[in-house]
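Now for the letters of each chain:
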Amino acid sequence: MKLKILKKLSVVLLALLSLGMAQQGKLVIAQAQDPGSWDPIDTFYLSWGMVASNIFDGLVDRGVDLKIRPGLAERWEWLDGNKVLRFYLRKGVKFHDGEPFNAEAVKFTFDRLLGPEGAKGPQQANYNAIKEVKIVDEYTVDFIMARPDPVIITKLAGYGAMIVPPKYIKEKGDAYFNTHPVGTGPFRAVEYVKDDHLTLEAFPDYWGGAPKVKTVVYRFIPEAATRVAELQAGRVDIAQGVPISLASVINGDPNLKLMPVGSPTVTSLRFNVCKKPTDDVRVRKAIVYAVDREAIIESILQGYGKPIAGFQSELSFGYDPTLKPYPYDPQKARELLREAGVKPGTEIELNFIGTDATFREVAQAVAGYLQAVGFKVRLKPYEVNTYYGEIVPKNKVGHLYYSGWGGWTLDYDNTAYLLYHTGQFWNPCFSDKKVDQWLEEERSTYDQTKREKILQQIDRYLHHDQVVAMPMYQVINLWGVSKRVKNFTPPPDDRIRLLTVEVSVR
């Protein structure tokens, strides 16, 4: 009798253990934005990197420590006086559909990126120093450079350079690939419902070893308060973008922890220099003097931000530590506005993303400061994909508009070229021959001392002479994490890595 009872108990325990293991195998992450396409060449969104860094691999990788390391290439070397970059590829790697990774896949990826399909998106400009990719043998490729690119290795760890499967894309087409991504990463996509969720499953044949978590569900929840509420209710394990106003809620919950992390991202208000009165540098400078950014950091951000002078953080190569933010000086602002002939009551428009609760408060504070020096400010929010896909690149913005820039290469070249070089996707208006010339000069050499000098020169010129933006603060990101989650490191560049993350039973 006792033996039968023990056997029944053992069956029950095994069932419970099995249930516990199934629960252990699911991780739920809430983030604000669905990037809308999972094709690496279609996007620059940080929201893409939060997810797709676990679906795709590049030849080169950059970890959460921000250090460059081998990815799908085991090693690389420069040949022919830095005119050829040769990669030696890993063997035995498979795409999620079973297709083999090899030199053909690398060539296909970059032919596509540098061709008509890549021209439709924002990534091509990062890689157009590459003339072509040539196959040496099945596991060796040469990148033939059209011109020098001193940041190319880091760029190859970036979004657009993620390696994609030739056969799969040729058979299914680009539109299908946008919503059914296939890569070589530790997780494969199994279900995508636009603006709702994306479900990933562990890829057991991953070349870097099988992930610890079986299933990952990314939920797209634009409202920050809802993300935090779902975290508190246990329906979410990790919440991205915890608003500062709710930081104390996370800290006060015994089941949760708040994980702040420094970031290369800078939040700024850019000026539309093609629109009166912000086409006048005196007006732009007056607006910068009019806003007390340190007070905004202390009051609205509760200290979760750093004062900044330019559109790059101290993590960026080319950062000039001698550059100081403009002081708060409303009297100086009024003098400059009088000098520029701007009459009291002049209306200006400030654009931002409406779902960003923290920046909405920042925008309201900025409007208050500008009204104090005589402006009438109209705040106009937009939905995030409309803002980045339509409003900014087509210069449909008002006089001031929100811009958050991660500088993902950790090199000011990436920021300055894409934002300030004439004709770039994210620069539909500003043009300066000096800036264009300096940018071409720094891109033409591998001499890092020379490059740093030029990049700092550009930063100083934009800061003192052109005043193309009002840098608000360097971002400190806040992550809310359940204590069930183990081995999670909040990423400074927002690219979550989940290979070693584990979750315990709820």
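As a starting point, this report considers the structure included with it. Nothing here was measured: the structure is a model prediction, and the numbers come from that model.

1. Topic: the overall build of the protein
Point 1. A count of helices and strands for the protein gives 17 helices and 19 strands.
Point 2. Along the first, second and third principal axes, the C-alpha atoms of the protein reach 95 × 60 × 40 Å.
Point 3. Within the protein, the proportion of its 506 residues that are buried is 57%.
Point 4. Sequence-distant contacts, at least 24 apart, represent 70% of the contacts inside the protein between residues at least 6 apart.
Point 5. For the protein, the exposed area adds up to about 21300 Å²; of that, 52% sits on carbon and sulfur atoms.
Point 6. Each charge class in the protein was averaged separately, 64 positive and 60 negative side chains, and the resulting centres sit 4 Å apart.

2. Details of unusual backbone geometry
Point 1. Cis peptide bonds are those with omega within 30 degrees of zero, and the linkage from K276 to P277 qualifies with 5 degrees.
Point 2. Position of P277 relative to the elements: it lies in the loop between β12 (256-271) and α10 (281-290).
Point 3. One non-glycine residue with positive phi stands out, namely D195, at about 65 degrees.
Point 4. Its place among the elements puts D195 in the loop between β8 (187-193) and β9 (197-202).
Point 5. One non-glycine residue, Q302, lies in the positive phi region at around 50 degrees.
Point 6. Tracing the backbone through its elements, the reader meets Q302 in the loop between α11 (293-299) and β13 (305-306).

3. A look at empty space enclosed by the protein
Point 1. In the structure shown here, the tally under the stated rule is eight cavities of 30 Å³ or more.
Point 2. Considering only enclosed or pocket space, the largest cavity measures out at about 1100 Å³ in volume.
Point 3. Taken together, 46 residues form the lining of the largest cavity, with L46, Q240, D356, Y402 and D494 sitting closest to its centre.
Point 4. Going through the elements one at a time, α2 (46-52), α8 (224-232), β12, α13 (357-372), α14 (384-391), β16 (400-405) and β17 (469-482) are the ones with two or more residues in the lining of the largest cavity.
Point 5. Element by element, the count of residues in the lining of the largest cavity is highest for β17, at six residues.
Point 6. In terms of residue class, the lining of the largest cavity is built from 29 nonpolar, 14 polar and three charged.
Point 7. Estimates place the volume of the second largest cavity at around 120 Å³.
Point 8. In terms of lining, the second largest cavity is formed by 14 residues, of which the most central are A309, L462, H463, A469 and P471.
Point 9. If you list the elements that add at least two residues to the lining of the second largest cavity, you get α15 (412-420), α17 (448-466) and β17.

4. Considering the state of the cysteines
Point 1. Within the structure shown, the criterion is met by one disulfide.
Point 2. The disulfide partner of C274 is C429, and the S-S distance across this bridge is 1.7 Å. Its S-S torsion of about 115 degrees marks the bond between C274 and C429 as right-handed, since a negative value means left-handed. Pair noted here: C274 is in the loop between β12 and α10 and C429 is in the loop between α15 and α16 (433-443), with a separation of 155 residues, a long-range link.
Point 3. The exposure class assigned to C429 is buried, which follows from its relative accessible area of 18%.

5. Description of the packing of aromatic side chains
Point 1. Taken as a whole, this structure holds 29 aromatic pairs when the rule is applied.
Point 2. Ring centres of Y45 and Y388 lie 5.9 Å apart, and the angle between their planes is 55 degrees; on these two criteria the pair is classed as tilted. Remark: Y388 occurs in helix α14 and Y45 occurs in the loop between β1 (26-31) and α2; sequence separation between them is 343 residues. Note on accessibility: Y45 and Y388 belong to one class, buried.
Point 3. Here the aromatic cluster, defined as three or more aromatic residues joined through ring pairs, consists of F44, Y45, Y382, Y387, Y388, W405, F425 and W426.

6. Here's the deal with the packing of α15 against α17
Point 1. Remark: α15 packs on α17, axes separated minimally by 11 Å, with the N-to-C direction vectors making an angle of 45 degrees. What the angle tells us is that α15 and α17 run oblique. Of the two possible hands of crossing, α15 and α17 adopt the one that is left-handed. Residue-level contacts link Y412, D413 and Y420 of α15 to R451, L455, I458, D459 and L462 of α17.
Point 2. Split by residue class, the contact of α15 with α17 holds five nonpolar, no polar and three charged.

7. Structural notes on the nonpolar core
Point 1. Ranked by size, the top nonpolar core spans 155 residues in total, and within it L59, F87, F110 and F143 carry the most contacts.
Point 2. Beyond its immediate sequence surroundings of up to four residues, F143 is in contact with L59, K83, V84, L85, F87, V106, F110, I130, E132, V133 and L156.

8. Concerning the layout of surface pockets
Point 1. The calculated volume of the largest pocket comes to roughly 410 Å³.
Point 2. For the largest pocket, the lining is made up of 27 residues, of which D61, R69, Y206, R497 and L499 are closest to its centre.
Point 3. Partitioning the lining of the largest pocket into residue classes produces 12 nonpolar, nine polar and six charged.
Point 4. A volume near 150 Å³ is recorded for the second largest pocket.
Point 5. A32, Q33, D34, D195, F220, P222, T355, E383, V384 and N385 are the residues that line the second largest pocket.
Point 6. Here the lining of the second largest pocket is composed, by residue class, of four nonpolar, three polar and three charged.

9. Here's the deal with the pairing of β8
Point 1. The pairing of β8 with β9 spans six bridges and is classified as antiparallel. Following the sheet pairing, F187 is matched in β9 by A202.
Point 2. Here β8 folds back onto β9 in antiparallel fashion, the turn holding three residues, of which D195 has a positive phi close to 65 degrees.

10. Here we look at the sheet that holds strand β7 (residues 140-145)
In a beta sheet, neighbouring strands are held together by backbone hydrogen bonds and run either parallel or antiparallel to one another.
Point 1. If you trace the four strands from one edge of the open sheet to the other, you get β4-β5-β7-β6, paired in antiparallel fashion. Looking at which strands have only one partner, the edges of the open sheet turn out to be β4 (73-79) and β6 (130-137). Pairs of neighbouring strands in the sheet enclose a mean axial angle of 20 degrees, with direction left out of account.
Point 2. The pairing of β4 with strand β5 (residues 84-89) spans six bridges and is classified as antiparallel. In the sheet register, A73 faces β5, and the bridge partner there is L89.
Point 3. Across the sheet, helix α3 (residues 103-113) lies against β5, β6 and β7, angled at about 170 degrees from β6, the strand it touches most.

The rules behind these values
Residues numbered from 1 in each chain as written. Predicted model: local features only at pLDDT ≥ 70, side-chain atom pairs only at ≥ 80, totals over all residues. Heavy atoms only, no water. Helix = DSSP H or I, 4+ residues; strand = E, 2+ residues; numbered from the N terminus. Buried < 20%, exposed > 50% of the residue type's maximum accessible area, 1.4 Å probe, protein only. Contact = heavy atoms within 4.5 Å. Areas by Shrake-Rupley, 256 points an atom, 1.4 Å probe, with all protein chains shown as cover. Lys, Arg positive; Asp, Glu negative; His and termini not counted. Charge placed at Lys NZ, Arg CZ, Asp CG, Glu CD. 1 Å grid on protein atoms, 1.4 Å probe; cavity = no way out; pocket = protein on both sides within 12 Å on 5 of 7 lines; lining within 4 Å. Points joined across faces, edges and corners; volume = space filled by probe spheres on them. Nonpolar A, V, L, I, M, F, W, Y, C, P; charged D, E, K, R; others polar. Disulfide = S-S within 2.5 Å. Phe/Tyr/Trp six-rings, centres within 6.5 Å; stacked < 30°, edge-to-face > 60°. Axes fitted to C-alpha atoms, helices over the stretch in contact; angles between N-to-C directions. Parallel < 35°, antiparallel > 145°, perpendicular 65-115°, else oblique. Left-handed = near helix turned anticlockwise from the far one by under 90°. Core = buried A, V, L, I, M, F, W, Y, C linked by side-chain atoms within 4.5 Å. Pairing = 2+ DSSP bridges.

Scope: geometric values only; no functional claims are made or implied.
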